Amino acid sequence: MSSATLAVALPACKDGLETTVILLKKYKSLDHFAYERKDVWHIGLGSRSSLRADPKGETAWISGQGKERNCLIPGSLTDFVKNFVTEQSQQHEGRLFGQVGFNYGAHVRGQPYTPGRWPILSIMVPELEITLRPEGITVQGYDEELLTEVCDLLSGTCASSIQVRDPQPVNTQCNEEEYKVLVSKALREIKAGKYSKIILSRPVDFEKLVDMPSTLLHGRRANNPARSYTLNHGGFQATGFSPELVMAFQKGGVVTEPLAGTCSRVGTKDAIQMLRQKLISDPKEIVEHVTSVKEAVSELNQFCAPDTICVKDLMTIKDRGSVQHLGSSVHGQLTSKADPWTAFNVLFPSITATGIPKDIALAAIDRLETRPRELYSGAVLLIDPKEDFFEATLCLRIVLQDSTNSWIQAGAGIIAQSNPERELTETHEKMASIAPCIVCEGK
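Residues numbered from 1 in each chain as written. Predicted model: local features only at pLDDT ≥ 70, side-chain atom pairs only at ≥ 80, totals over all residues. Heavy atoms only, no water.

Another aspect to go through is the pairing of strand β15 (residues 310-320). Relative to strand β16 (residues 323-333), β15 runs antiparallel, the two being bridged by eight bridges. Bridging from a neighbouring strand, Val311 pairs with Val330 of β16. Counted along the chain from β15 to the antiparallel partner β16, the turn is two residues long, and its residue Gly321 has a positive phi close to 65 degrees. (Pairing = 2+ DSSP bridges. Helix = DSSP H or I, 4+ residues; strand = E, 2+ residues; numbered from the N terminus.)

The subject of this paragraph is the nonpolar core. By size, the foremost hydrophobic cluster in this structure holds 70 residues, and its most contacted members are Phe303, Phe344 and Leu381. Once residues within four sequence positions are removed from consideration, Phe303 is found in contact with Val254, Gln333, Leu334, Thr335, Ala338, Thr342, Ala343, Val346 and Leu347. Formed by 39 residues, the second largest nonpolar core is a distinct cluster that contains Ile22, Val139, Val170 and Cys440. (Core = buried A, V, L, I, M, F, W, Y, C linked by side-chain atoms within 4.5 Å. Buried < 20%, exposed > 50% of the residue type's maximum accessible area, 1.4 Å probe, protein only. Contact = heavy atoms within 4.5 Å.)

Now for helix α10 (residues 358-368). Residue pairs spaced three or four apart in an α-helix point in one direction, given the helix's 3.6 residues per turn. Buried within α10 we find Lys358, Ala361, Leu362, Ala364, Ile365 and Leu368. Down the axis, α10 shows its buried residues gathered within 170 degrees of arc, on one side only. (Arc of directions from axis to C-beta.)

Locating His32 in the fold gives a position in strand β2 (residues 32-37). Each residue touching His32, except ones within four places of it in the same chain, is listed here: Leu24, Tyr27, Gly44, Leu45, Met124, Thr230, Leu231 and Asn232.

With that out of the way, let us pick up the packing of aromatic side chains. Under the defined criterion, the tally for this structure stands at nine aromatic pairs. Their ring planes at 20 degrees and their centres at 5.7 Å tell us that Phe33 and Phe97 sit as a pair that is stacked. Of the two residues, Phe33 sits in strand β2 while Phe97 sits in strand β6 (residues 96-100), which places them 64 residues apart along the sequence. For the pair shown, Phe33 and Phe97 are each scored as buried. Here the basic side chain of Arg48 rests over the ring of Tyr142, its NZ or CZ set 3.7 Å away from the ring centre. The positively charged end of Arg371 is found above the aromatic ring belonging to Trp407, 5.4 Å away from the centroid. (Phe/Tyr/Trp six-rings, centres within 6.5 Å; stacked < 30°, edge-to-face > 60°. Lys NZ or Arg CZ within 6 Å of the ring centre and 35° of its normal.)

So, about the pattern of salt bridges. Following the criterion strictly, the structure yields 27 salt bridges and no others. Here Lys180 ties to Glu421 by a salt bridge, and the two come within 2.9 Å at their closest N and O atoms. Within this pair, whereas Lys180 is found in helix α5 (residues 176-191), its partner Glu421 is found in helix α11 (residues 420-431), the two being separated by 241 residues in sequence. A relative accessible area of 17% means that Lys180 is categorised as buried. Here Glu391 ties to Arg227 by a salt bridge, and the two come within 2.7 Å at their closest N and O atoms. Of this pair, Glu391 sits in strand β19 (residues 389-394) while Arg227 sits in strand β10 (residues 227-233), and the two are 164 residues apart along the sequence. Neither residue differs from the other here; Glu391 and Arg227 are each classed as buried. If you follow the salt bridges from partner to partner, you end up with Lys197, Lys284, Glu285, Glu288 and Glu423 in one network. (Salt bridge = Lys/Arg side-chain N within 4 Å of Asp/Glu carboxyl O.)

Two elements in contact, α5 and α11, have axes separated by 9 Å at closest approach and are oriented at 125 degrees. In terms of their interaxial angle, α5 and α11 are classed as oblique. Handedness of the α5/α11 crossing: right-handed. Contacts between α5 and α11 involve Glu176, Tyr179, Lys180, Val183, Ser184 and Leu187 from the first element and Pro420, Glu421, Glu423, Leu424, Thr427 and His428 from the second. Considering only residue class, the contact of α5 with α11 consists of five nonpolar, three polar and four charged. (Axes fitted to C-alpha atoms, helices over the stretch in contact; angles between N-to-C directions. Parallel < 35°, antiparallel > 145°, perpendicular 65-115°, else oblique. Left-handed = near helix turned anticlockwise from the far one by under 90°. Nonpolar A, V, L, I, M, F, W, Y, C, P; charged D, E, K, R; others polar.)

Mapped onto the elements, Ser50 comes out in strand β3 (residues 40-53). Remark: the alpha-carbon pair of Ser50 and Ser377, spanning 327 residues in sequence, is separated by 22 Å. Sequence-distant contacts of Ser50, defined by excluding residues within four places in its chain, comprise Trp61, Ile62, Ser63, Phe84, Ile123, Met124 and His233. At 2.5 Å, the side chain of Ser50 and the side chain of Ser47 are in polar contact. (Polar contact = N/O pair within 3.5 Å; in protein donor to acceptor, adjacent residues only side chain to side chain.)

Our focus in this paragraph is the environment of Lys337. Its place among the elements puts Lys337 in the loop between β16 and α9 (340-347). For the pair Lys337 and Cys304, spaced 33 residues apart in the sequence, the C-alpha separation amounts to 9.5 Å.

A few words on the packing of helix α1 (residues 16-26) against helix α6 (residues 212-222). At their nearest, the axes of α1 and α6 sit 9 Å apart, and the two run at 165 degrees to each other. As far as their axial angle goes, α6 and α1 are roughly antiparallel. Crossing of α1 against α6: the hand is right-handed. Across the interface between the two elements, Leu17, Glu18, Thr20, Val21, Leu24 and Lys25 from α1 touch Pro213, Ser214, Leu216, Leu217, Arg220 and Arg221 from α6. Looking at the contact of α1 with α6, its residues break down into six nonpolar, two polar and four charged.

In this section: the environment of Arg109. Here Arg109 shows up in the loop between α3 (104-108) and β7 (121-133). Note: C-alpha distance between Arg109 and Ile351 (242 residues apart in sequence) is 15 Å. Excluding anything up to four places from it in sequence, Arg109 contacts Asn345, Val346, Phe348, Pro349, Lys358, Asp359 and Leu362. At 2.9 Å, the side chain of Arg109 and the backbone oxygen of Gly105 are in polar contact.

This is the structure in structure tokens:
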């Protein structure tokens, strides 16, 4: 294993998604991340170094170059992670990958929460980084043997076609009455003035283990997400098709993309168009979206120069697999006192996955929902310190798996005009983006 970065350029592959799946199937025993961004696949194979913070955010497990250690996190978890990223970027030429659990939002705000099983945050520096662009492939890393093996595999994928098993759709018709009761409780709390909006979710568990690479293939073919990702880090696995970004930062500029207001996108072309017209004229959906955009502007005001903040593409229809959303983007330039983590700690978790006011909604979600969300409505990270780049995509339309459970999860935004039956239907509509695409392991 080399201490210097090795790099190889290869011709473009015929299909970035299929090539990603081939790689992940071959190296599924290694820790890995794959992240699709604007027709480019960023893949990290193997862990050169990692940080995993425990569910309470109190201790960290750190590994690197054959060494492992557990340590207490002194002071701020954010500062601890920032220092790790800075140290690694001084030694590492490429990108870093990570995942942030939903509970991180309460943790950084100093709010009480119910810890789950998953790390509240993890960061991985890959042993090998593969970038699949339409114009060509780059492979870089430190393990010469692994690099050579991967390059040989990539050279062979141009002439091969991948074969995977058919999906085994997950039945999402469970916990329905319980969810409607939950929505009714939230409506009473909204009427009592505790908050104006809350996103409540319901998980659907299933017994079989998920074949994550094959699920990625079927799910990506069935969806048109803002970002796609799959990960296996320390035995915690997820695959998802993110409808929106929590935030993207590059060279001073930051953008967040609230999606709020939803209807089905299943049916004939004419039926989908009728649903679209209904969505853009539905008072409940419009109120839900506009209040989210207003709150996003307020959040950017906490770390951006006020005269740089603007809303673009207000209430544009965004097609996302089985559903369509009202979407907008809010842009700004960071002040000199802020950095990407400053922005992330304000914007995370997304308004569209929590509620308004966010702090009160976080506490209500912890109180009302039956268990911690783990990575659901958290974020997957792609960080390139040398390019001053930091992106966090929202973990919705997701299947999750750990040593004890496999599940999917979806939620709906509850406001005063909400109806429990309609919000339950919306969770079904969203689960239809992932539930029919699940491929299980075994015969």
